[in-house]
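For reference, the chains in residue letters:
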Amino acid sequence: TAALSEENQLFVWGSNSSNQLGFPQKSVIPSPQQLHLPDNEIPVDVKFGLKFIAILTKSRKLFITGNLRSFLKSPHSNFSLITHNSIEWLHTNDISQFACGQTHISFIRSDAHVIEGIGDNKFGQCARIESCEKIIELKCGWTHVAYLTESKRLYLYGRNNYGQLGNGNRAETNEPHCCSTFPVEDFSLGAEHG
């Protein structure tokens with residue numbers, strides 16, 4: 001669990017078996033503990049995947065820690081590896097929004113027209129997606145991704161074994177499919193549904 005205070009202080013608690021709470025002891029943290037980021041960066045958004053945490057800062061840096069195995073195998077050159085609190089963290093700059101899947105992260109840089117991904121890409125969920133329109137919202141399920149454009153069109157891509165992409169079949173794809181024939185105001189993704 002994570003909580004971000006009005007003063008932008010980040011508190012975490014729960015299982016830390018993979019250092020996903022940002023502390024070196026691999027044990028349960030039973031009560032909220034304040035997590036300080038590298039270089040005293042100020043957190044503004046926090047999300048979890050299966051065994052990792054991702055934190056966006058006021059200066060638009062994205063920090064990731066926890067089980068980094070899938071991320072370290074991912075061929076993404078814009079991430080650097082650092083040590084903080086005696087554990088490894090990945091970080092990159094110029095991020096405007098991000099979403100976490102089971103073992104991947106999708107993110108948008110400041111231009112708001114390109115989605116990139118890092119982590120497990122078994123189902124095309126880390127594909128680089130270029131949108132003609134500005135992307136206003138981005139969310140992930142375990143292994144699929146959805147985004148909403150300025151014109152309120154909803155696109156999905158990634159794993160589709162349960163029809164979670166809404167395209168009428170069960171084949172995964174790294175090509176976004178527009179599943180809305182009407183304007184979409186809001187959406188949500190679950191593990192393998194939407």
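Residues numbered from 1 in each chain as written. Predicted model: local features only at pLDDT ≥ 70, side-chain atom pairs only at ≥ 80, totals over all residues. Heavy atoms only, no water.

A. Spatial organisation of the pattern of salt bridges. A full pass over the atoms with the stated rule returns eight salt bridges. We note a salt bridge from glutamate 185 to lysine 152, for which the minimum N-O separation is 3.6 Å. Here glutamate 185, found in the segment after strand 16 (173–178), pairs with lysine 152, found in the loop between strand 14 (144–149) and strand 15 (154–158); they are 33 residues apart in sequence, far enough to count as distant. (Salt bridge = Lys/Arg side-chain N within 4 Å of Asp/Glu carboxyl O. Helix = DSSP H or I, 4+ residues; strand = E, 2+ residues; numbered from the N terminus.)

B. Geometry of the pairing of strand 6 (residues 62–66). Burial of strand 6 is extensive: five of the five residues sit out of reach of the surface. Burial along strand 6 is two-sided: the face carrying Leu62, Ile64 and Gly66 and the face carrying Phe63 and Thr65 are both buried. Two strands pair when backbone bridges link them, and strand 5 (residues 52–57) and strand 6 are joined in this way by five bridges, in the antiparallel orientation. Bridge pairing in strand 6 links isoleucine 55 to phenylalanine 63. Between strand 5 and the antiparallel strand that follows it, strand 6, lie four residues; arginine 60 among them carries a positive phi value of about 70°. Relative to strand 8 (residues 87–92), strand 6 is paired through four bridges, and the arrangement is antiparallel. Across the sheet, threonine 65 pairs through a bridge with tryptophan 89, a residue of strand 8. (Buried < 20%, exposed > 50% of the residue type's maximum accessible area, 1.4 Å probe, protein only. Pairing = 2+ DSSP bridges.)

C. Highlighting the sheet that holds strand 16. Strand order in the open sheet made by the four strands is 13-14-15-16, with antiparallel pairing throughout. With one partner strand each, in any of the chains shown, strand 13 (135–140) and strand 16 form the two edges of the open sheet. When strand polarity is set aside, the average angle formed by the axes of neighbouring strands in this sheet is 20°. Pairing geometry for strand 13 and strand 14, over five bridges, is antiparallel. Counted as the bridge partner of cysteine 140 is valine 145 from strand 14. (Axes fitted to C-alpha atoms, helices over the stretch in contact; angles between N-to-C directions.)

D. Seen up close, the nonpolar core. By size, the foremost hydrophobic cluster in this structure holds 15 residues, and its most contacted members are Ala54, Ile64, Phe71, Phe98, Ile105 and Phe107. Listed by contribution, the elements that provide at least two residues to this core are strand 5, strand 6, strand 9 (95–100) and strand 10 (104–109). (Core = buried A, V, L, I, M, F, W, Y, C linked by side-chain atoms within 4.5 Å.)

E. Layout of the sheet that holds strand 12 (residues 129–130). One open sheet holds the four strands; their spatial order is 9-10-11-12, and the pairing between them is antiparallel. Here the strands that pair on one side only, and so sit at the sheet edges, are strand 9 and strand 12. Across five bridges, strand 9 lies against strand 10 in antiparallel orientation. Its bridge partner being in strand 10, isoleucine 95 is matched across the sheet by arginine 109.

F. Layout of the environment of isoleucine 135. Considering the arrangement of structural elements, one finds isoleucine 135 in strand 13. Taking C-alpha positions, isoleucine 135 is 8.7 Å from isoleucine 115, a pair spaced 20 residues apart along the chain. Excluding residues within four positions of it along the chain, isoleucine 135 makes contact with Gln97, Ile108, Ala112, His113, Val114, Ile115, Tyr147, Leu148 and Thr149. (Contact = heavy atoms within 4.5 Å.)

G. The arrangement of the environment of arginine 60 in detail. Position of arginine 60 among the secondary structure elements: in the loop between strand 5 and strand 6. For arginine 60, a relative accessible area of 32% translates into the label partly exposed. Separated by 35 residues in sequence, arginine 60 and isoleucine 95 place their C-alpha atoms 5.1 Å apart. Beyond its immediate stretch of four places on either side in the chain, arginine 60 contacts Thr92, Asn93, Asp94, Ile95, Ser96 and Ser110.

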